[in-house]
Amino acid sequence: MAVDCGVFVDWSQMGDVSHDAAPGKTEYKDLKELKQHARSGQWAKNHSQRSAVYQQLLKALPCRTVTPDAAVYRDIVGNSNSKRNPSAYPLPEFVDGAAVPCYCLKTESVGSVHAVISCIAGQFPDISYCPSLPAVTALLLHWSADEAQCFESVSRMLACNEPGRRLLDQTFLAYQSACMTFGDLVHKYCPSAHKLMVATATDVLEVYSDWQRWVLGDLPFSFAARVMDVYLVEGYKVLYRVALAILKFYRKQRSAAAGSALTKQDSAAVRSDIQAFVQNIGKSVTPEKLLEKAFSIRLFSRKEITLLQLANEKSLQQRGITVKQKRQNVQLAVNADNFSSEIVSAKEIRDIWSWIPERYALCQPQLLFTTSTHGCSLNRFYSHCEGYEPTLMLIRTTDGEVCGAFLSTDWEERKRGGNKLSFFGTGECFVFKMKPEMERYEWVVIKHPELANASQAADDEPEQTGANDNGGPQALEKPSTEPSQLSPFLSARHFNLNSRNTSMFMAGNIDSIIIGGGEGNALYIDSELNHGRTERCLTFDNPPLCAESFQIALLEVWGFKDAMAS
């Protein structure tokens, strides 16, 4: 290659990466081949090839009409490749104190990263929060002929305007909702890791707020470069995948080291422990193994994840959390002083809160209905619970067993079916038992995505579906698919469900309420809120949550303060 794209690199740290080999294949017309080469590390050993491929990918990004290019940088800053003093180019506030990772760059190259970011700040005044920018800029400098080319590459990532695609969060609202979305994905796809976080950290969301830094900042260069390969080809979803894989490997190491002796720590200690693990991940995991783990996770569609991100943004906006604030304003927590239940303790409600979607975990619990005050009447149950979305139902039986359900949808939705008992709700619903032991049972499609076909055929990972069809205890209508508002994560209407039994979430009429359907009900409660039964159902694939036929001693329904249904 005529242009040297390694002038900023400390080649003594680059191992067997070739500096001057011919670049080989750099242009791809077959997207499948491009994706396969990115995932397999085809460019990892050839610096020139990776540089040329990156330039092709970045030039192909659709961007805003006015996107600053290399010429703009040369006009404003010049284009010196000589040593720059970083202090002459202080990093803007929007990086939130994030340092520039070394990433095998020459010591003096850090000043160049500062200069590029300083110019970016002047040309993109709408950026208010972007802590990943130092890491992305440092990585792209590796494969840039000069600072101006690096500036243009970063500018194109920031200015990308392809619908439904984003590469870098540029506001605190986008960043924080991404952290919440990551927390939701951990709930779904890394339940063992999430249990570990709940058991060891005082504030789980605070730990998850570091997820982007694990990937863009803490990972060693050889790992970060491989991530960048697939990130530029496949987009933001790759970052979620890699962070989930990191958490899976961390849990494995932490559990092996600690055995059964897990103690609660300040969140800062857990964050430091994960950061140290990621920085030294090469001692136990190869880049190939990390990416293999990342792409073995069967995430739902990009569309569903985008909807979840939007729902989390909406939740933050409703609470006025659009700029960085003190931690307590956005943490996942329950105020024990204001919580009083006759069924569960403050500690137990915190455990339940750790299961629910992050956008609702921002809310404090609000008691809507309890049989001890409002009596055993299904009509009164509906009158007190309608207008609230979501709700949490807690049941204590006369035998002292405790179980319940998180219900994603307003009970008023039952009226859409007229007098017929029809199911509604979304895949965010789940059932659980607390005593004698604690366990949650989610929508069966989450653990077995082969049971559903994504209706979004354009997604890069279609899901498959199929299940036995069985009528259940009564003649039931198919779940409502009518869009009424912003769809929550895993809304059943985004899937071609060949069997309604995999999406029977909640139903109610004047005679009973039912949670979960298909070959049985996870919970069936009669009109007097006195007797109930529980059995395995297809929707949640749960065992009985307590004695199969039980008498209710107490039933409570909790809402989420500031989360009333629209």
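The preceding data block contains the structure.
Residues numbered from 1 in each chain as written. Predicted model: local features only at pLDDT ≥ 70, side-chain atom pairs only at ≥ 80, totals over all residues. Heavy atoms only, no water.

> An account of the overall build of the protein chain is requested, with residue identities and associated values reported.
When helices and strands are tallied, the protein chain shows 20 helices and 12 strands. Split into buried and exposed, the 566 residues of the protein chain put 58% on the buried side. Sequence separation of at least 24 residues holds for 75% of the intrachain contacts in the protein chain that already meet a minimum separation of 6. By element, 47% of the accessible surface of the protein chain is carried by carbon and sulfur atoms, the whole surface being about 22600 Å². (Helix = DSSP H or I, 4+ residues; strand = E, 2+ residues; numbered from the N terminus. Buried < 20%, exposed > 50% of the residue type's maximum accessible area, 1.4 Å probe, protein only. Contact = heavy atoms within 4.5 Å. Areas by Shrake-Rupley, 256 points an atom, 1.4 Å probe, with all protein chains shown as cover.)

> Quick one: what's the story with the environment of Val 204, residue by residue and with numbers?
Take Val 204: it is sitting in helix H9 (residues 204–208). Taking the C-alpha atoms as reference points, Val 204 and Gly 183, 21 residues apart in sequence, are found 8.4 Å from one another. If sequence neighbours within four positions are ignored, Val 204 has contacts with His 194, Met 197 and Val 198.

> Could you give an account of the environment of Leu 173, with specific residues and numbers?
Relative to the assigned elements, Leu 173 resides in helix H7 (residues 172–189). Using a relative accessible area of 12% as the deciding quantity, one classes Leu 173 as buried.

> Which residues make up the packing of helix H4 (residues 109–123) against helix H5 (residues 133–142), and what values go with them?
Helix packing geometry: the angle between the two helix axes and the distance between the axes. It is at 10 Å that the axes of H4 and H5 come closest, and there the two elements cross at 120 degrees. Viewed along their axes, H4 and H5 adopt a mutual orientation that is oblique. H4 and H5 meet at a crossing whose hand is right-handed. Residue-level contacts link Ser 109, Ser 112, Val 113, Val 116, Ile 117 and Ile 120 of H4 to Leu 133, Pro 134, Thr 137, Ala 138 and Leu 141 of H5. Of the residues assigned to the contact of H4 with H5, the class counts are eight nonpolar, three polar and no charged. (Axes fitted to C-alpha atoms, helices over the stretch in contact; angles between N-to-C directions. Parallel < 35°, antiparallel > 145°, perpendicular 65-115°, else oblique. Left-handed = near helix turned anticlockwise from the far one by under 90°. Nonpolar A, V, L, I, M, F, W, Y, C, P; charged D, E, K, R; others polar.)

> An account of the pattern of salt bridges is needed here, citing residue identities and associated values.
Oppositely charged side chains can pair when the atoms bearing their charge come close. Scanning the model with the defined rule gives 25 salt bridges in all. Among the ionic pairs, Glu 33 bridges to Lys 25, the shortest N-O distance being 3.9 Å. Classification of Glu 33 by relative accessible area gives partly exposed; the value is 27%. With a relative accessible area of 35%, Lys 25 lands in the partly exposed category. A salt bridge links Arg 213 to Asp 218; its shortest N-O distance comes to 3.0 Å. With relative accessibility at 30%, the residue Arg 213 sits in the partly exposed group. (Salt bridge = Lys/Arg side-chain N within 4 Å of Asp/Glu carboxyl O.)

> Break down unusual backbone geometry for me, with residues and values.
Note that the residue after Glu 389, namely Pro 390, is joined by a cis bond; omega there is 0 degrees. The residue Pro 390 is located in the loop between helix H19 (378–385) and strand E2 (391–397) in this model. In this structure, Asp 96 takes a positive phi of about 55 degrees despite not being glycine. Exposure remark for Asp 96: the relative accessible area of 34% places this residue in the partly exposed category.

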